[in-house]
Amino acid sequence: MSGSARVTEVGRSPVGLYVHIPFCVSLCPYCDFVVYTGALTRGPRARVGGAFIAALLAEVELRAAGRSADAPPLQTVYFGGGTPSLLPSDAVAEILAHIRERFGLVEDAEVTLEANPGPDERGDPHALRRAGVTRISYGAQSLDDAELRRVGRRHRAGDVADAVAGARAAGIGSINVDLLYDIPGGTVATWMDTLDAALALAPDHLALYALGLDDPDAEGLTGPLGDHLPVRAGARRWREAARLAQDEDRAAAQYHHAVLHLGDEGFHGYEISNWARPGHESRHNLAYWRREPYAAVGPGAHAFDGAVRRWNAARLDGYLAALAPADPSTVPPAMPPGGSEAVTPEIAAVETVMLGLRLDTGVPLAAAHQPPLSDHFGWALAAELIEVTEDDRIVLTTRGRLLSNELFSRLV
């Protein structure tokens, strides 16, 4: 374990559980999530069911072991990926039943499942609702077919409309649509059209992200115990070309348009990248931004108990070997490979300010007089990155949201 021996507090019971499903039909060249494609996803060698489901259930069992009988039940479960909608609906139901048995779930739990909008990847929303899913998040990314081809997406704009309509007809209570801006070759006009087309689908929530082109290999995240997989050669070449076609001014104009337009349409920008109609904020993601404890299972998944951050290694073979051994009667399931890091008071203070400022509620004015914000408060105020509200909260301005990385890099 790295970091100081001092921690902010003892571990606490999780309020949510993240379940990582690392399978996709194909890999988008910009994607840095833990994803396995091709024969591991479809065909006779596919790992989507069978041993993988057994491994997930075994990890749920091990993570819940020793849980206090009076520990509060989970409030949220989030199936992320990858493409969780590739799971059979009965597998989703089985996993949720096991989570409910071992961790407990509140009666009005938010259960989110990420899905691709393509007709052969979105799953059956009626069956997913019966399995217990209350919220679906569609990875649309764009509603311009040329842009979708450019970023390697398999679906087309019409598929997104069909997917959202199907989920609504199935009675899914909350629907999110993910969109990307600063797409190479895109324009402010194509972004405005995409946003209008997305709004025409009447989603409950929109998540808008600038296209990120990180290098997990260079950051040292792809080793045997790392939480990322190495970048494929083709994806690396695509990213190198795509970086040259990105434009900060265009991205700023696209974001600024979204802020104004979504506000006019009744969406609440409760976080830098997230807008919701009233009552449809992502409860699971809010737990992350509020630094509440959460559990996690699956390859590459991260967990936090208030004192320690933990992660599973990304490698599927190591995950399955530990949790789904060939003969469980002689070699019982064991915790998968991974790592952990103590959260020192200094790290906790930085995270509290950075994550708090991501939210529209910001941080208390008292934070201006304490590290890490005290050394940068005057500069950020003069640069119009932050402002103080009438109820004595420090919040990011729209300009501050656009330039948040510049402020956050100074806080670290």
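## Here we look at the packing of aromatic side chains
Here comes step 1: For the structure shown, the criterion picks out 10 aromatic pairs.
Here comes step 2: Aromatic pair Tyr30 and Trp238: ring centres 6.4 Å apart, planes at 50 degrees, arrangement tilted. Placement of the pair is Tyr30 in the loop between β1 (16-21) and α1 (51-64) and Trp238 in helix α7 (residues 233-244), with a sequence separation of 208 residues.
Here comes step 3: Site record: aromatic cluster; members linked through ring pairs are Tyr181, Trp191, Tyr255 and Trp275.
Here comes step 4: For the cation-ring pair, Arg309 lies above Phe304, with the distance from its terminal atom to the ring centre recorded as 4.1 Å.
Here comes step 5: Positioned over the ring face of Trp379 is Arg410, at 3.6 Å from the centre of the ring.

## Some remarks on the sheet that holds strand β14 (residues 386-388)
Here comes step 1: Taken in spatial order, the three strands make up an open sheet running β13-β15-β14, and their pairing is antiparallel. Single-partner strands in this sheet number two, and they are β13 (363-364) and β14.

## Some words on helix α14 (residues 404-411)
Here comes step 1: For α14, the full list of buried residues reads Ser404, Leu407, Phe408 and Leu411. The buried residues of α14 occupy an angular sector of 95 degrees when the element is viewed end-on, so they sit on one face. Looking at α14, the residues exposed on the side facing more than 90 degrees away from the buried face are Asn405 and Ser409.
Here comes step 2: Contacts made by the buried residues of α14 are with α11 (345-358), α12 (377-382), β14, β15 (393-396) and α13 (398-402).

## Digging into the confidence of the model for the protein chain
Here comes step 1: This prediction gives the protein chain a mean pLDDT of 94; 97% of its residues lie at or above 70.
Here comes step 2: In this model residues 1-8 is a low-confidence stretch, pLDDT under 50, and it forms 23 contacts with partners more than four residues away in sequence or in other chains.

## Here we look at the side chain of Asp182
Here comes step 1: You can see Asp182 is positioned in the loop between β5 (174-181) and α6 (188-200).
Here comes step 2: Judged by relative accessible area, Asp182 falls into the buried class, the value being 8%.
Here comes step 3: Not counting chain neighbours up to four residues away, the residues in contact with Asp182 comprise Leu211, Gln246, Asp247, Arg250, Ala251 and Gln254.

## Details of the pattern of salt bridges
Here comes step 1: Within the structure shown, the criterion is met by 13 salt bridges.
Here comes step 2: Notably, a salt bridge pairs Asp204 with Arg168, separated by 3.1 Å at the nearest N-O pair. Placement of the pair is Asp204 in the loop between α6 and β6 (205-210) and Arg168 in helix α5 (residues 157-169), with a sequence separation of 36 residues.
Here comes step 3: With relative accessibility at 8%, the residue Asp204 sits in the buried group.
Here comes step 4: Judged by relative accessible area, Arg168 falls into the partly exposed class, the value being 33%.
Here comes step 5: Here Asp182 makes a salt bridge to Arg250, at a shortest N to O gap of 2.9 Å. Residue Asp182 is located in the loop between β5 and α6, and its partner Arg250 is located in helix α8 (residues 248-264); the two are separated by 68 residues in the primary sequence.
Here comes step 6: Since its relative accessible area comes to 14%, Arg250 is described here as buried.

Reading the values: rules and limits
- Residues numbered from 1 in each chain as written.
- Predicted model: local features only at pLDDT ≥ 70, side-chain atom pairs only at ≥ 80, totals over all residues.
- Heavy atoms only, no water.
- Phe/Tyr/Trp six-rings, centres within 6.5 Å; stacked < 30°, edge-to-face > 60°.
- Helix = DSSP H or I, 4+ residues; strand = E, 2+ residues; numbered from the N terminus.
- Lys NZ or Arg CZ within 6 Å of the ring centre and 35° of its normal.
- Pairing = 2+ DSSP bridges.
- Buried < 20%, exposed > 50% of the residue type's maximum accessible area, 1.4 Å probe, protein only.
- Arc of directions from axis to C-beta.
- Contact = heavy atoms within 4.5 Å.
- pLDDT = per-residue confidence, 0-100.
- Salt bridge = Lys/Arg side-chain N within 4 Å of Asp/Glu carboxyl O.

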